[in-house]
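Remarks on the overall topology
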Amino acid sequence: KLMNKKITVDKARRAVDAAHAAGLKTGAFFILCYPGETDKTVLDTLSFATSLPLDYLSFTMPYPLPGTALYERVKNRINKEWEPPNSIISDHTLIYSADFSETKMKFAILKGQVQFSMNKWLGKYACLTVKPFEKLTDTVFKLMR
């Protein structure tokens, strides 16, 4: 809703399920920690995204690039211009004063990538490890600034 998307979570799930059932490769891209989000909405997004039958899943933090609605929303909080990433560890850089710290955003991205990988590679055995991992990392995320 914050990004003015014209689709519901239920419709998105049904679309991915239908594409997957039809044998199509499926992928998704999620922006985490968008201005106005809360710990709960970020964790709900991670849980939703990692529960989908996807072949590819990517997460990023919000980048307020000129000409975008996000830029207009936070232009008075931008503290450096976006540059192409130059780190081998992470290609995510916070460029504005956000509601979440850069560390917390990167933790959310890593958490989502690990949960997705666990679901994908462990298959039917994922339930043995994913739920405990999710509970633990949800708690850590909530404790972070």
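Below is a summary of the structure that appears in this document. (Residues numbered from 1 in each chain as written. Predicted model: local features only at pLDDT ≥ 70, side-chain atom pairs only at ≥ 80, totals over all residues. Heavy atoms only, no water.)

1. Let's talk about the nonpolar core
- Core analysis: the biggest nonpolar cluster contains 29 residues, and Phe-30, Leu-32, Val-42, Leu-57, Phe-59 and Met-105 have the highest contact counts within it.
- At the level of elements, β1 (27-31), α2 (39-51), β2 (56-60), α3 (69-74) and α4 (102-122) are the ones that each hand at least two residues to this core.
- The leading source of residues in this core is α2, at 5 residues. (Core = buried A, V, L, I, M, F, W, Y, C linked by side-chain atoms within 4.5 Å. Buried < 20%, exposed > 50% of the residue type's maximum accessible area, 1.4 Å probe, protein only. Helix = DSSP H or I, 4+ residues; strand = E, 2+ residues; numbered from the N terminus.)

2. Concerning the pattern of salt bridges
- Counting across every chain of the model gives 7 salt bridges.
- In this structure, Lys-106 engages Glu-102 in a salt bridge whose closest nitrogen and oxygen atoms are separated by 3.1 Å. Taken together, the positions of Lys-106 and Glu-102, both in helix α4 and 4 residues apart, correspond to about one turn of that helix. (Salt bridge = Lys/Arg side-chain N within 4 Å of Asp/Glu carboxyl O.)

3. Here's the deal with α2
- With 13 residues, α2 should cover 18 Å at 1.5 Å per step; its first-to-last C-alpha distance of 18 Å lies within 8% of that length.
- Those residues of α2 lying buried are Val-42, Leu-43, Thr-45, Leu-46, Phe-48, Ala-49 and Thr-50.
- Buried residues belonging to α2 abut α1 (9-21), β1, β2, α4 and α5 (127-143). (Expected span 1.5 Å × (residues − 1). Contact = heavy atoms within 4.5 Å.)

4. Brief notes about the packing of aromatic side chains
- Across all of its chains, the model carries 3 aromatic pairs by this definition.
- With centroids separated by 6.1 Å and ring planes inclined at 35°, the aromatic side chains of Phe-30 and Phe-59 adopt a geometry described as tilted. On the criterion of sequence distance, the pair formed by Phe-30 in strand β1 and Phe-59 in strand β2 is long-range, its members being 29 residues apart. Across the pair, Phe-59 and Phe-30 agree in class, each one buried.
- The structure contains a cluster of three or more aromatic residues connected by ring pairs, namely Phe-30, Phe-48 and Phe-59.
- Lying across the ring of Phe-141, Lys-104 places its NZ or CZ 4.5 Å from the centre.
- In this structure, Lys-120 is placed above the aromatic ring of Trp-121, and the distance from its NZ or CZ to the ring centre is 5.6 Å. (Phe/Tyr/Trp six-rings, centres within 6.5 Å; stacked < 30°, edge-to-face > 60°. Lys NZ or Arg CZ within 6 Å of the ring centre and 35° of its normal.)

5. Remarks on the packing of α2 against α4
- Put simply, α2 and α4 touch, their axes get as near as 9 Å, and they point 25° apart. Considering the angle they form, α2 stands roughly parallel to α4. Note that α2 runs across α4; the crossing there is right-handed. Between α2 and α4, the contacting residues are Asp-39, Val-42, Leu-43, Leu-46 and Thr-50 on the first element and Lys-104, Ala-108, Lys-111, Gly-112, Gln-115, Phe-116 and Asn-119 on the second.
- Residue composition of the contact of α2 with α4, by class: 5 nonpolar, 4 polar and 3 charged. (Axes fitted to C-alpha atoms, helices over the stretch in contact; angles between N-to-C directions. Parallel < 35°, antiparallel > 145°, perpendicular 65-115°, else oblique. Left-handed = near helix turned anticlockwise from the far one by under 90°. Nonpolar A, V, L, I, M, F, W, Y, C, P; charged D, E, K, R; others polar.)

6. Structural notes on the pairing of β2
- When you tally the buried positions in β2, you get 4 out of 5 residues, the bulk of the element.
- As defined by bridge partners, β1 adjoins β2 across 5 bridges and the pair is classed as parallel. Counted as the bridge partner of Gly-27 is Tyr-56 from β2.
- Handedness of the β1-α2-β2 crossover: right-handed. (Pairing = 2+ DSSP bridges. Right-handed = clockwise from strand over helix to strand, strands pointing away.)

7. A few points about the side chain of Thr-50
- For Thr-50, the location among the structural elements is in helix α2.
- Judged by relative accessible area, which is 4%, Thr-50 ranks as buried.
- Beyond its immediate sequence surroundings of up to four residues, Thr-50 is in contact with Leu-57, Phe-59, Gly-112, Gln-115, Phe-116 and Asn-119.

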